[in-house]
Amino acid sequence: MNNVNSIELDQTDRTIINVLQGGFPICAHPYAQVAKDLGLEEDDLIARLQRLKECGALSRFGPMYHAERLGGGLTLAAMKVAEDDFERVNEIVNAFPEVAHNYARDHEFSMWFVLATETPQRIQETLAEIETATGIKVYDMPKSEEFFIGLRLEL
Amino acid sequence: MGMMDIDNEDLALVETICGGLPLDPRPYHVLGERIGLSEDDVIKRLQNMIESGVIRRFGVIVQHRRLGYTANGMSVWNIPDERVREIGERMGHFPYVTLCYHRPRNLPEWPYNLFAMVHGSDRDTVQAQVNELANELELLDVEHDVLFSRRQFKQCGARYGNKRRGVHEQCKFD
């Protein structure tokens, strides 16, 4: 935890995050309910969440959707991009609004991005457009089966 | 998969919630006011979307890097097809695995068919956790690798919303 970008959290912040990673109530006064469960005041909980959002500890607060069930398309794609070509390709790929996440990884397959499109058929079209724009083959790795999507880390 | 039973009001709700849940004592009332729905209706619609699986989780997602989990490794495994489900389900139970998917191989260049995202405070920790997965699940003989992330360039999220009304909202999606 000695990274300069790390954020200082106190025990109450950690508890709030750990609890809310597991879900948030859907009722008229949800903050009051969570605050009561944690032994906090409602306005204290809201103020802490405000701070956690502002300092970037939380990347989102709300629903996480199942893209396909909303009618959209989703895939993971990878490209073998040479180190000295990376900036060029990166700029082209990130300019596509359908590219949601893009990670550089230490591997021959060096660029990994998630494509999220409004319709399933747009996935193949977008992959083809990226190939044409970059001149580099794109490997499509859609999920066949999902075993776990926790995205939760105990703090 | 189709659109389930999503109607225009649901889509409007999806769009208006994109920026995050309002930090107001009555967040669902605030959302409803923006799109002309009652608080009760918003609550019912959200509950329905959770039940039908359109919303898979409702809560907070942490920014791993900002909280000290600065290393993330995508562990990839070449598992015999008939064992991929069993192994995938077991991998998901380890606390440092946040995502686990079966994906197709791209032979001959890409032999791996199981992907498990592993988070830790540094690369050595992530590598040790991947070694633990291999040990505990008896996968030492299985071809595997870890792809560490160097940089993250874009995390702006996916587009959802109602194209019919010409609204293109950027919603974060993980």
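Because the structure is predicted, anything quoted here is derived from the model rather than measured.

**Quick notes on the overall build of chain A**
And step 1. Broken down by element type, chain A carries five helices and six strands.
And step 2. Helices and strands appear in chain A in the N-to-C order α-α-α-β-β-α-β-β-α-β-β.
And step 3. By the compact-globule yardstick of 15 Å for 155 residues, chain A is too spread out, its C-alpha radius of gyration being 20 Å.
And step 4. Seen through its principal axes, chain A has C-alpha atoms that stretch 55 × 40 × 25 Å.
And step 5. Considering only intrachain contacts with a sequence separation of at least 6, the fraction spanning at least 24 residues in chain A is 64%.

**Describing helix α5 (residues 123-136) of chain B**
All names here are of chain B.
And step 1. If you check α5, its first and last C-alpha atoms are 20 Å apart, about what 14 residues at 1.5 Å a residue would give, namely 20 Å.
And step 2. Of the residues making up α5, those classed as buried are V126, Q129, V130, L133 and A134. Buried residues of α5, seen end-on, are gathered within an arc of 145° and therefore sit on one face of the element.
And step 3. The residue sitting at the N-terminus of α5 and contributing the capping side-chain oxygen is D122; that oxygen lies 3.2 Å from the backbone nitrogen of D124.
And step 4. The first or second residue beyond α5 is E138, which carries a positive phi of 55°.

**Description of the pattern of salt bridges**
And step 1. Throughout the structure, instances matching the rule amount to 23 salt bridges over all chains.
And step 2. A salt bridge links R123(B) to D106(A); the nearest nitrogen and oxygen atoms lie 3.0 Å apart. Taken together, the residues R123(B) in helix α5 and D106(A) in the loop between β3 (99-105) and β4 (111-117) connect one chain to another.
And step 3. Via salt bridges that share partners, D10(A), D13(A), D44(A), R48(A) and R51(A) belong to a single interconnected network.

**Quick look at the environment of L37(B)**
And step 1. Relative to the elements of secondary structure, L37(B) occurs in the loop between α2 (27-35) and α3 (39-51).
And step 2. When the C-alpha atoms of L37(B) and A12(B) are compared, they prove to be 9.9 Å apart, with 25 residues separating the residues in sequence.

**Overview of the domain arrangement of chain A**
And step 1. Partitioning chain A into structural domains gives domain 1 (11-54) and domain 2 (67-140).
And step 2. If you average the C-alpha positions of domain 1 of chain A and of domain 2 of chain A, the two centres end up 36 Å apart.

**Focus: the packing of aromatic side chains**
And step 1. Evaluated as defined, the whole model comprises twelve aromatic pairs over all chains.
And step 2. Three or more aromatic residues link up through ring pairs in this structure, and these residues are F109(A), W112(A), Y139(A), W110(B), Y112(B) and F115(B).
And step 3. The positively charged end of R103(B) is found above the aromatic ring belonging to F115(B), 5.4 Å away from the centroid.
And step 4. The positively charged end of R150(B) is found above the aromatic ring belonging to F86(A), 5.4 Å away from the centroid.

**Topic: the packing of helix α1 (residues 8-16) of chain B against α3(B)**
All names here are of chain B.
And step 1. Direction vectors running N to C along α1 and α3 enclose 90°, while the axes themselves pass 11 Å from each other. By the criterion of interaxial angle, the relationship of α1 to α3 is roughly perpendicular. In contact with E9, D10, L13 and V14 of α1, α3 contributes V42, R45, L46 and M49.
And step 2. Grouping the amino acids of the contact of α1 with α3 by side-chain chemistry returns five nonpolar, no polar and three charged.

**Considerations on the environment of L20(A)**
And step 1. Topologically, L20(A) is positioned in helix α1 (residues 11-21).
And step 2. Note: C-alpha distance between L20(A) and E68(A) (48 residues apart in sequence) is 25 Å.
And step 3. Ignoring any residue separated from it by four or fewer positions in sequence, one finds L20(A) in contact with V34(A), L49(A), F61(A), G59(B) and V60(B).

**Focus on the interface of chain A and chain B**
When the parts of a complex come together, some accessible area is lost, and that lost area is often taken as the interface size.
And step 1. Contacts between chain A and chain B engage 82 residues on the former and 89 residues on the latter.
And step 2. When the two sides are added together, the surface that chain A and chain B hide from each other amounts to roughly 8500 Å², 58% of it contributed by carbon and sulfur.
And step 3. Per-residue buried area on chain A facing chain B is highest for I26(A), Y65(A) and F147(A); these three make up 10% of the total on that side.
And step 4. Put simply, chain A and chain B have six salt bridges between them.

**A look at the packing of α1(B) against α2(B)**
Residues and elements named next belong to chain B.
And step 1. Contact geometry of α1 with α2 gives a least axis separation of 10 Å together with a crossing angle of 115°. Judged by the twist between their axes, the crossing of α1 over α2 is right-handed. Side by side, α1 and α2 meet where A12, L13 and T16 of the first sit next to L31, R34 and I35 of the second.

Definitions and limits used
- Residues numbered from 1 in each chain as written.
- Chains lettered and ligands numbered in written order.
- Predicted model: local features only at pLDDT ≥ 70, side-chain atom pairs only at ≥ 80, totals over all residues.
- Heavy atoms only, no water.
- Helix = DSSP H or I, 4+ residues; strand = E, 2+ residues; numbered from the N terminus.
- Rg over C-alpha atoms; globule rule 2.2 N^0.38 Å.
- Contact = heavy atoms within 4.5 Å.
- Expected span 1.5 Å × (residues − 1).
- Buried < 20%, exposed > 50% of the residue type's maximum accessible area, 1.4 Å probe, protein only.
- Arc of directions from axis to C-beta.
- Polar contact = N/O pair within 3.5 Å; in protein donor to acceptor, adjacent residues only side chain to side chain.
- Salt bridge = Lys/Arg side-chain N within 4 Å of Asp/Glu carboxyl O.
- Domains from an automatic or database assignment.
- Phe/Tyr/Trp six-rings, centres within 6.5 Å; stacked < 30°, edge-to-face > 60°.
- Lys NZ or Arg CZ within 6 Å of the ring centre and 35° of its normal.
- Axes fitted to C-alpha atoms, helices over the stretch in contact; angles between N-to-C directions.
- Parallel < 35°, antiparallel > 145°, perpendicular 65-115°, else oblique.
- Nonpolar A, V, L, I, M, F, W, Y, C, P; charged D, E, K, R; others polar.
- Buried area = accessible area lost by both parts, 1.4 Å probe.
- Left-handed = near helix turned anticlockwise from the far one by under 90°.

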